Amino acid sequence: MRRRMVVWILATAIAGAPALAQTSLQLLPPQLEKDLAAKATNVSEVTLDKNMLGFAAKFMNGSDKDEAGVRQLIESLDGIYVRDYEFDKEGEYSMEDVERQCLAFVAPGWSPIVHDRERKNGEISDVMVKLVNGEPHGMFILSAEPKDLSIVLIMGPIRMDQLGMLKGIGGLGALGNAEKDKPSKHKGDQKPTDGGQP
Amino acid sequence: MNRRFWIPLGCAVLSVAVFVPWVVRAAGAEGGFDGVLSSIEQQYHVRATRIPFMNLASLIAGTATHGGVGQVHIAEFEHFTRPADGEELNRMVQEKLGQGWSRMIRETSRQGNEQTLIFARPEGNRMGLFILDLDGNEMDVVQVSVDPDRLNDTIDKYKHHDGDLNESN
């Protein structure tokens, strides 16, 4: 009887472990996140996992054409994670440390599409895309300035032309520019803003 | 034998039933909405103003929205003069809300003592939302359970109603 109970408890724990692991996706190591939040003057953190996105999607009216598009996009995503930190003074966080830890998180299976380093201003930008069978299934954006740090992770199938639809979500306002900046057929060839490969 | 056994046992159970909740409450170990309020009260030496007849208001809100909104809890802290540390507040809320709640939004601004925390918890077809907003010297705390489908139906109904009114004007 006691053995059966122990087996049952172990089975429950093993079955529950993947669920716990799934919900604990961390964009940054917890300690680094705490340190950044403690030093920053302004902090914005958005954590929307699949459950939350599904819930948010329910509030969007399916009969409205625009909202139906956003709803469809949001329902297909697995998560949106945004971290934005503003600092009073320069040098309050280690840009190299953040970059190293972030890139370690996304490195396997992710392809860099933008890797920009401006030594003069001390600014870095990284955009990486996770490709699954040639289709983007995740996007990671790191933008670091001496007094400002933004990290965005979008998980799930996403089309670049749909990115602008997410501008309403806190911290993703800049994605609204993606729609404006979309290359038009009438314009000449546009050069990518890629600063080079790592 | 029976009486000798059951009477002391009954007294013991009754004592436990009465004293344990009291002790737990006194120790600030209660969880959920009230637990968060107690912790804030203790930590920042402020007093929460609870809205009277909130249960009745919650019932009316539930009926009016056909179950779209329910279990409404609202409290307000006025004269919140102590600076609130975002990390500490976040930890306190997370600890008291307990498992199942996950943080969706956190906004912290040291300039002007501003803090916003939004936690959510799936409750079957419904979603529990916990919102804490500190702006200057005033903090509002709200917990609500929402059924998005039913709430949408109610909102749609009023949208159509507004549309009809605009057309008639």
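Residues take numbers from 1 onward in each chain, read along the sequence in its written order. Just so you know, chain letters begin at A and ligand numbers begin at 1, following the order they were written in. Reporting in this predicted model follows two pLDDT cut-offs: at least 70 for local features of residues, and 80 or more for side-chain atom pairs to be given and counted; totals over whole chains, interfaces and linings ignore these cut-offs and use all residues.

(A) Seen up close, the sheet that holds strand β5 (residues 135–145) of chain A. Spatially, the 12 strands line up as an open sheet ordered β3(A)-β4(A)-β5(A)-β6(A)-β2(A)-β1(A)-β3(B)-β4(B)-β5(B)-β6(B)-β2(B)-β1(B), and their pairing is antiparallel. With partners counted over all chains shown, the strands left at the sheet margins are β3 (110–118) of chain A together with β1 (48–50) of chain B, one partner each. Ignoring strand direction, the axes of neighbouring strands in this sheet form an average angle of 10°. Summarising the sheet, strand β5 (residues 126–135) of chain B and strand β6 (residues 138–146) of chain B pair through nine bridges and their orientation is antiparallel. Looking at β6 of chain B, one finds that Met127 of chain B is bridged to Val146 of chain B. Sitting on the sheet, helix α3 (residues 50–58) of chain A is in contact with β1 (42–49) and β2 (79–86) of chain A together with β3 (102–109), β4 (114–123) and β5 of chain B, with an inclination near 85° to β1 of chain A. Any pair of residues counts as being in contact when their C-beta atoms, constructed from backbone geometry, are within 7 Å of one another. All axes are obtained by fitting lines to C-alpha atoms, using only the stretch in contact for helices, and the reported angles, taken between N-to-C directions, cover 0 to 180 degrees. Only DSSP runs of H or I covering at least 4 residues are called helices, and only runs of E covering at least 2 are called strands; the numbering of each starts at the N terminus. Lying on the sheet, helix α4 (residues 86–97) of chain B is in contact with β1 of chain A together with β3, β4 and β5 of chain B; it crosses β4 of chain B at an angle near 20°. In short, DSSP must find at least two bridges between two strands for them to pair.

(B) Summary view of the pairing of β3 of chain B. Bridge analysis of β1 of chain A against β3 of chain B gives five bridges, and the strand direction is antiparallel. The partner of Val43 of chain A across the bridge, within β3 of chain B, is Thr108 of chain B. For β3 of chain B and β4 of chain B, the ladder comprises seven bridges, and the chain directions are antiparallel. Across the sheet, residue Ser109 of chain B finds its bridge partner in β4 of chain B, namely Glu114 of chain B.

(C) Main features of the interface of chain B and chain A. At the interface, 18 residues of chain B touch 17 residues of chain A. Of all the secondary structure elements, the ones that give two or more residues to the side of chain B that touches chain A are α4, β3, β4 and α5 (148–168) of chain B. For the side of chain B that touches chain A, the leading source of residues is β3 of chain B, giving eight residues. A per-class count over the side of chain B that touches chain A returns six nonpolar, six polar and six charged. Residue polarity follows a fixed list, in which Ala, Val, Leu, Ile, Met, Phe, Trp, Tyr, Cys and Pro are nonpolar, Asp, Glu, Lys and Arg are charged, and the others, Gly among them, are polar.

(D) Geometry of helix α4 (residues 65–76) of chain A. Residues and elements named next belong to chain A. Under the convention used throughout, the expected extent of a helix is 1.5 Å for every residue step, that is, one less than its residue count. Between its first and last C-alpha, α4 extends 17 Å over 12 residues, near the 16 Å set by a 1.5 Å rise per residue. Restricting attention to buried positions, one finds in α4 the residues Val70, Leu73 and Ile74. Mapping the buried residues of α4 onto a view down its axis gives an arc of 95°, with all of them on the same face. In this fold, the buried residues of α4 make contact with α3. Comment: burial labels come from other C-beta atoms within 10 Å of the residue's own C-beta, placed from the backbone, where a count of 20 or more is buried, 12 or fewer is exposed, and between is partly exposed. Picture the helix axis, draw a direction to every C-beta atom, and the arc is the one those directions span.

(E) Representation of the packing of α3 of chain A against α4 of chain A. Residues and elements named next belong to chain A. Contact geometry of α3 with α4 gives a least axis separation of 8 Å together with a crossing angle of 165°. Judged on the interaxial angle alone, α4 and α3 are roughly antiparallel. At the point where α3 passes α4, the crossing takes the left-handed sense. On α4, the residues that touch Leu53, Gly54, Ala56 and Ala57 of α3 are Arg71, Ile74 and Glu75. A per-class count over the contact of α3 with α4 returns four nonpolar, one polar and two charged. An angle below 35 degrees is treated as roughly parallel, one above 145 as roughly antiparallel, one from 65 to 115 as roughly perpendicular, and anything else as oblique. Helix crossings are classified by the rotation of the near helix relative to the far one: an anticlockwise turn of less than a right angle makes the crossing left-handed, while a clockwise turn makes it right-handed.

(F) Structural view of the confidence of the model for chain B. Residues and elements named next belong to chain B. A residue-level look at chain B finds 83% of positions with pLDDT of 70 or above and a mean pLDDT of 82. What pLDDT conveys is the predictor's confidence in a given residue, as a value from 0 to 100. The secondary structure element of chain B with the lowest average pLDDT is helix α1 (residues 2–26), at 66, and the one with the highest is β6, at 94. Prediction confidence for the complex, expressed as pTM and ipTM, is 0.73 and 0.70 respectively.

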